[in-house]
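What follows is the residue order along each chain.
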Amino acid sequence: MEKIENQIKSLKQELATALAAAKNEQALEAVRVDFLGRQGHIAKLMESLKTASLEEKRVLGPLLNELKQQITQLYTEKKEALISQILQQQLFKKQYFDVSASLANQTPAHLHIYTQLIQELENIFISMGYKIADGPEVETEFYNFEALNIPKDHPARDMQDTFWLTLPNMLLRTHTSNVQVREMEKQEPPLAIFATGRTYRHEAIDAKHDILFSQGEVLMVDENISMANLLATAKTFLQAIFDKKDIKMRVRTGYFPFVEPAVEIDASCPFCTNGCSVCKKTTWIELLGAGLVHPNVLKCGGINTEKYSGFALGFGLERIAMIRYGINDIRLFHSSKIPFLDQF
Ligand code: FA5
């Protein structure tokens, strides 16, 4: 009996030493197995009680139970202290990482070419006194077509293959011209807005056409707006975007039901005078669809056509970028290819 009592005393001492030495979770688990495990010190002492007399069991039994409780408690306290210490260390590491430390071979981030181009375009039109506008990509048939003088069954709807939604009369806008009547409804003339955004067409994809592309839209409505205002605006815009003062324009008749007369505007090739691969040896580049806003569209936007007239102008954003940077495939814009994006 005395032997077991001594063992109990020295076990407490041993445990204190072992716990103090345990510096991580694995070491602590080893201490637990050593003392409290099925083959551990406590289990062995319990086993040795089996051969003890009844009187010895009465004395040693409670002593051993108390020892087991004490050891369990000391182990639990140590475990909690260790976990909180590990958490503190992790927190410390996170708090004090060096944000300015340089990494080898890092790629600096920059704005996507779309964002850069949109910012540049917006600045050009803001400098001309325009306000930036925005329209929804999920649009009603009304604002995308009917309000723009393209009624149901009009053949001009075939010019823009449409993604129709399962919701009645809803579609993905085929052009940014959907902002025109929305803006007319919002404010009285004078009105000068510029909008960019994503547009969608159910077309075969090739190097020049995508089903998702972006457009820019210019709309001005005021008293006495004429073709002269449209051409002056188009010229200022083309000079700025190609950074070329002596750019020339060529105006051809076009057809868009929402403008009358409708025109297509070509710019003289910014890269050559005698023909090159960009202009396909023609020295001209097709860039803008435009015209004077059709009276039906103005009326639809609640504008007094006796007093006001307007012009509208639209273009493909990718087309501008492709010409400017010599990009030969529109699919690259959405490819997420780092070597392509890194060029801008
Ligand atoms: C229009 O979308 C008219 N809303 C433009 C307009 C506005 C005319 C205001 C008059 C007044 P168009 O369908 O031609 O027009 O498209 C304009 C430009 O969008 C094209 O010149 C081309 O650069 C671009 N575009 C059209 N379809 C695609 C396509 N599938 N992929 C890439 N770009 C396209």
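Up top is the structure these notes are about.
This structure is a prediction, so every number in the text was calculated from the model and none was measured.

Scoring rules and cut-offs
- Residues numbered from 1 in each chain as written.
- Predicted model: local features only at pLDDT ≥ 70, side-chain atom pairs only at ≥ 80, totals over all residues.
- Heavy atoms only, no water.
- Core = buried A, V, L, I, M, F, W, Y, C linked by side-chain atoms within 4.5 Å.
- Buried < 20%, exposed > 50% of the residue type's maximum accessible area, 1.4 Å probe, protein only.
- Contact = heavy atoms within 4.5 Å.
- Helix = DSSP H or I, 4+ residues; strand = E, 2+ residues; numbered from the N terminus.
- Pairing = 2+ DSSP bridges.

Caption draft 1: Highlighting the nonpolar core. If you look at the biggest cluster of nonpolar residues, it comprises 45 residues, and the most contacted ones within it are Phe237, Leu287, Leu288 and Phe315. Setting aside anything within four residues of it in sequence, one finds leucine 288 in contact with Ala234, Phe237, Leu238, Val263, Glu264, Ile265, Leu313, Gly314 and Phe315. Core analysis: the second largest hydrophobic core is formed by 26 residues, Leu148, Ala156, Phe256 and Leu298 among them.

Caption draft 2: Focus on unusual backbone geometry. A cis amide bond links proline 189 to the next residue, proline 190, at an omega of 5°. Note that the residue after glutamate 260, namely proline 261, is joined by a cis bond; omega there is -5°. As for its position among the elements, proline 261 is in strand E7 (residues 259-268). Positive phi is not limited to glycine here, since asparagine 224 has a value of about 60°. Even without being glycine, lysine 281 reaches a positive phi, approximately 65°. Along the chain, lysine 281 turns up in the loop between E7 and strand E8 (284-293).

Caption draft 3: Up close: the pairing of strand E5 (residues 212-223). Burial analysis of E5 places 9 of its 12 residues in the buried class, which makes it a mostly covered element. The sheet contact formed by strand E4 (residues 191-200) and E5 spans 10 bridges and is antiparallel. Within the sheet, the bridge partner assigned to tyrosine 200 lies in E5 and is leucine 212. Looking at chain direction, E5 and strand E9 (residues 308-316) are connected through 9 bridges and run antiparallel. In the sheet register, glycine 216 faces E9, and the bridge partner there is phenylalanine 315.

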